[in-house]
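Residue strings, one per chain:
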Amino acid sequence: MKKLTFESIWMISHKEKMAAKIQFSPKKNLIAGRNHVGKSSLIKTLFLTLGARATGDLANWDENSISVVKFSVNEKAYYALHQKGNRALFNEKRKIIACSTTHSEWTDIFCKITDFNLIITSRNLQSVSADPRCFFLPFYINQDGSWLADWDTFAGLQQYKAPVGSILEYFSGLKPPEYYINKSQKTLISLEKESLNKELNFLEKARIRINEKVPSHNTNLNISNFNEEIKNITEEFNQISKEQSIFREKVIREEELISNLNLQIKLAEEALRTSGQDFEYLQKDNQEHLYCPTCGAEHSKSFLDVIHYTEDSRVLRELVNRLNEDLLKILQENKKTKASQEEYLKRFKKIETLLNSKKENMRFEEVIESYGSEKVFRAFNDESNLIKNSIIEFNTKIEQIDSRISELTDKKRAEKILKVFRDSYSGARNSLQLNPASVEKMNISSRPKLSGSGGPRSIMAYYYSLWKVMLNKDSPFIIPIVIDSPNQQAQDDINLPIVNEFIANQLPSTTQLIVCSETDSEHKYDRKIYLKTQYSLLNKKDFSKIDKIIKPMSEMMYSKFKNNSID
């Protein structure tokens, strides 16, 4: 158990050369005074010095003023000094222990000496240590923010993600500190998992949209098969082209042969015709001398010549016949060759068209490739798989944390604490003259939202029930109760005495009590502090004496800052 007690507070303004010191009893304290005498300023300065800025302004307050709070943790004394966000911690001999210029540094210092180890989640999704505001939140009723339905006691709690439930469960003992460490880790992992789910959903939508814009067959095209098909068609095309070339050369040779045969036939027929004319001339009767009708030469042996010409005609006629037979054969062969050539030409055109079509597809595919659609889809799939695997890992971690959280949750113990809380709330409502309320389903964060004069009394009953479960002999922390102030929302002369009596006599006696009130109290307080001067909490007569105490501490703090900056 860690018991914190406020012992004293010093406040000094060098600008106004005014100062004040207030000393508290470790038990019940009443700070009494009319409006604007500085009761709330005193309390706000007390918490501000320890790192918890309360809601509401410090009216007419010198911003450069220095405050020092002496407090004890399990009767070990400390001094905390504050000036404009700079803080230092001193031991009981006023030797400096640590100093800070930032809230987070001071939080670490404060949590170390108080053993406050609540881990909560920040707004930027980091697991962080709860600060002094969280430490004092359930125990301070601030007149500028705590008497209503919301938790507006301290400024800046919005930097945390839903901190109140964790704070109340922590101090009430519903859950051990380890529970909140696991809970914070689960929250962070769940948020990361949620982020991945959103990313996966976005990725899937993007993939669908791209798939709609790119023809579906492209995405299914097998490039290797396509290339193999092109290769086979090209080979066939080349083979046909080669064979067609052979036929074309054959046709040329055949046509040359036909032309030669026609020429030979023509020459043979011409020779035959000449020979026939010579033979007819020799057959005339009155010719003694034979003259050639062509060249005019005279022949003396006309009969033999006739025989000779007859033989020549026969040979020429046979030659013409044989040449015609050869011509007929080659013409028939040429016809077949041309028919085959025509057939190959048709096949050639067909395959050429097919090949060109395939090549066009290939070029289109190359365009698609150039846009990287295939690569994009592969990237989509790869990224999608990575995200899915990460989600699976997160699910595994969450299951492990849930298992540990379940082990840390003692339902029977929680039910017992809640019973005390609910019974205390019902009893306090009865003591504060409020109508009975159903509490069967009330949990520890069920802050009342009652309007009218009954509102502050229901809030008082609620805090009372919190303190009953947070400030018992088994509680890990005993923290002072500070109430500013009971007279809220026009408590009449019947209800206000009831509230005052309730605060003075029925609150837990295990801890220190500080109550601010506009009036004195008929009830017993161990120390009563009366503030009388309006708009001036500080005074001039105590300035020198208090300055002698604060000045050395202040100098030590700034000297340490200087040394730290050099280091």
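Parameters at a glance
- Residues numbered from 1 in each chain as written.
- Predicted model: local features only at pLDDT ≥ 70, side-chain atom pairs only at ≥ 80, totals over all residues.
- Heavy atoms only, no water.
- Phe/Tyr/Trp six-rings, centres within 6.5 Å; stacked < 30°, edge-to-face > 60°.
- Helix = DSSP H or I, 4+ residues; strand = E, 2+ residues; numbered from the N terminus.
- Buried < 20%, exposed > 50% of the residue type's maximum accessible area, 1.4 Å probe, protein only.
- Pairing = 2+ DSSP bridges.
- Core = buried A, V, L, I, M, F, W, Y, C linked by side-chain atoms within 4.5 Å.
- Contact = heavy atoms within 4.5 Å.
- Salt bridge = Lys/Arg side-chain N within 4 Å of Asp/Glu carboxyl O.

- The name an unreviewed UniProt entry assigns to the protein chain is AAA family ATPase, from the organism Leptospira limi.

**Regarding the packing of aromatic side chains**
Line of reasoning, step 1. Taken as a whole and assessed by the stated rule, the structure comprises 29 aromatic pairs.
Line of reasoning, step 2. Each ring, one from Phe135 and one from Phe171, has its centre 6.0 Å from the other, and the planes form 75°; the classification is edge-to-face. In this pair, Phe135 is assigned in helix H3 (residues 132-136) and Phe171 in helix H4 (residues 163-172), connecting sequence segments 36 residues apart.
Line of reasoning, step 3. The exposure class of Phe171 is buried, given its relative accessible area of 2%.
Line of reasoning, step 4. Geometrically, the ring pair formed by Trp151 and Tyr462 is edge-to-face, given 6.1 Å between the ring centres and 70° between the ring planes. One end of the pair, Trp151, is in the loop between strand E10 (140-141) and H4; the other, Tyr462, is in helix H11 (residues 454-470), with 311 residues separating them in the sequence. Of the two residues, Trp151 and Tyr462, neither departs from the other in class, the shared state being buried.

**Brief notes about unusual backbone geometry**
Comment: phi is negative for the bulk of residues other than glycine, and the bulk of peptide bonds are trans.
Line of reasoning, step 1. That bond from Asp484 to Ser485 is cis: its omega, -25°, falls within 30 degrees of zero.
Line of reasoning, step 2. Turning to its location among the elements, Ser485 is positioned in the loop between strand E14 (481-484) and helix H12 (495-506).
Line of reasoning, step 3. Even without a glycine there, the phi angle at Lys17 is positive, about 50°.
Line of reasoning, step 4. In this structure, Lys17 sits in the loop between strand E1 (2-13) and strand E2 (18-23).
Line of reasoning, step 5. Even without being a glycine, His36 presents a positive backbone phi close to 70°.
Line of reasoning, step 6. Structurally, His36 is set in the loop between strand E3 (28-32) and helix H1 (39-49).

**Some details on the pairing of strand E4 (residues 66-73)**
Line of reasoning, step 1. Burial of E4 is extensive: eight of the eight residues sit out of reach of the surface.
Line of reasoning, step 2. The alternating pattern of E4 places Ile66, Val68, Lys70 and Ser72 on one face and Ser67, Val69, Phe71 and Val73 on the opposite face, and all of these are buried.
Line of reasoning, step 3. In this sheet, E4 lies alongside E1 in antiparallel orientation, the contact comprising eight bridges. Paired with Met11 across the bridge in E4 is Ser67.
Line of reasoning, step 4. Summarising the sheet, E4 and strand E5 (residues 76-83) pair through seven bridges and their orientation is antiparallel. For Val68, the partnering residue across the bridge sits in E5 and is Leu81.

**Here's the deal with the pairing of strand E6 (residues 86-90)**
Line of reasoning, step 1. The buried fraction of E6 amounts to five of the five residues, a majority that puts the element mostly inside the structure.
Line of reasoning, step 2. Here E5 pairs with E6 via five bridges, running antiparallel. What sits directly across from Leu81, in E6, is Ala88.
Line of reasoning, step 3. Between E5 and E6, which pair antiparallel and follow one another directly, the connecting turn spans two residues, one of which, Lys84, has a positive phi of 50°.
Line of reasoning, step 4. Across four bridges, E6 lies against strand E7 (residues 96-100) in antiparallel orientation. Within E7, the residue paired with Phe90 across the bridge is Ile96.

**Focus: the nonpolar core**
Line of reasoning, step 1. Counting 111 residues, the largest nonpolar core has Phe6, Phe71, Phe136 and Trp467 as its most contacted members.
Line of reasoning, step 2. Top contributing element to this core by residue count: H11, with 10 residues.
Line of reasoning, step 3. Residue contacts for Trp467: discarding those within four places in its chain leaves Pro138, Phe139, Ile141, Met460, Ile481, Ile483, Leu507 and Pro508.
Line of reasoning, step 4. In this structure, Ala19, Phe90, Cys99 and Met557 belong to the second largest nonpolar core, which totals 16 residues.

**Quick word on the pattern of salt bridges**
Line of reasoning, step 1. Inspection of the entire model under this criterion finds 16 salt bridges.
Line of reasoning, step 2. Residue Arg273 pairs with Glu270 through a salt bridge whose shortest N-O separation is 2.1 Å. A residue pair is termed a helical-turn pair when its members lie 3 or 4 positions apart in one helix, as Arg273 and Glu270 do in helix H7 (residues 223-282) at three residues.
Line of reasoning, step 3. With relative accessibility at 39%, the residue Glu270 sits in the partly exposed group.
Line of reasoning, step 4. Across the salt bridge formed by Arg404 and Glu407, the nearest N and O atoms sit 2.9 Å from each other. Of this pair, Arg404 and Glu407 are both found in helix H9 (residues 373-408), three residues apart, which corresponds to roughly one turn of the helix.

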